[in-house]
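Fold and contact review
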Amino acid sequence: MTVACSLVDYLREHELRLTTAESCTAGKIVTLLAEVPGSGALIESGYVVYSPEAKQRLLGVNPCTIDTFNLTSREVAEEMALGALRDAKANVAVATTGILGPDDMDGIPAGTVCFAWAFDMGGERALFSRQERFFGTRNQVQLWAAEHALVQLRHFHQRALAGERR
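The model shown is predicted, which means the values in this text are computed figures rather than measured ones.

**Quick word on the pattern of salt bridges**
- All told, the structure shown has five salt bridges when counted by the stated rule.
- With a closest N to O distance of 3.2 Å, Arg166 and Glu78 form a salt bridge. Taken together, the residues span a long stretch of sequence, with Arg166 in the segment after helix H6 (138-161) and Glu78 in helix H5 (residues 74-87) at a distance of 88 residues.
- Looking at Glu78, the relative accessible area reads 14%, which means it is buried.

**Points about the packing of aromatic side chains**
- In total, this model carries five aromatic pairs according to the counting rule given.
- On the basis of an interplanar angle of 65° and a centroid distance of 6.3 Å, the ring pair of Phe119 and Phe128 is categorised as edge-to-face.
- In this structure Phe119 comes out as buried when scored by relative accessible area, which is 0%.
- Look at Phe128 and you get buried, because its relative accessible area is 1%.
- Put simply, the rings of Phe115, Trp117, Phe119, Phe128, Phe134 and Phe156 pair up and form one aromatic cluster.

**Examining the sheet that holds strand E3 (residues 92-98)**
- Spatial ordering of the open sheet is given by E2-E1-E3-E4-E5, a layout of five strands whose pairing is mixed. Because the sheet does not close on itself, it has two edges, and the strands there are strand E2 (43-48) and strand E5 (124-133). Sheet twist, expressed as the mean angle between neighbouring strand axes with direction ignored, is 10°.
- When strand E1 (residues 18-22) meets E3, the two strands line up parallel, connected through five bridges. What sits directly across from Leu18, in E3, is Val92.
- On top of the sheet, H6 reaches E1, E3, strand E4 (112-121) and E5; it is set at about 35° to E4, its chief contact.

Cut-offs used in this document
Residues numbered from 1 in each chain as written. Predicted model: local features only at pLDDT ≥ 70, side-chain atom pairs only at ≥ 80, totals over all residues. Heavy atoms only, no water. Salt bridge = Lys/Arg side-chain N within 4 Å of Asp/Glu carboxyl O. Helix = DSSP H or I, 4+ residues; strand = E, 2+ residues; numbered from the N terminus. Buried < 20%, exposed > 50% of the residue type's maximum accessible area, 1.4 Å probe, protein only. Phe/Tyr/Trp six-rings, centres within 6.5 Å; stacked < 30°, edge-to-face > 60°. Pairing = 2+ DSSP bridges. Axes fitted to C-alpha atoms, helices over the stretch in contact; angles between N-to-C directions. Contact = heavy atoms within 4.5 Å.

Spelled out as structure tokens, the structure:
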């Protein structure tokens, strides 16, 4: 069973509806899920936002957050996830921002990806974020990052169900 198939079953079982805010993964998270028959009822929306202006305009990312922490940061990923969740009729959001490579950018090593998972737990928000580094070609890093986002969604949802909020 693929990562996406397994997650679709999990989303359905837990009555989760997903929105994404993707930068470096460029819609790959939604694409992987959409390849699974019946997943359409579990995907609310997907934002693909590259520029700082799009992140600010569409997701409400604060320009000070970008200036302070960099466009590729956990803090920006968190604001992206919360912005997508705020705008959507969904109860879970996943966000990605990073540097696929092959070259480092602004002192950030190629393959660095920041993730955030936000959950609406009956009106209360749970928010988790992580930074990871993947080694491979641009396409490999993009795919591995998208799969990582899906795999970790279940993990962080379980933590949210246990009462953790960060």
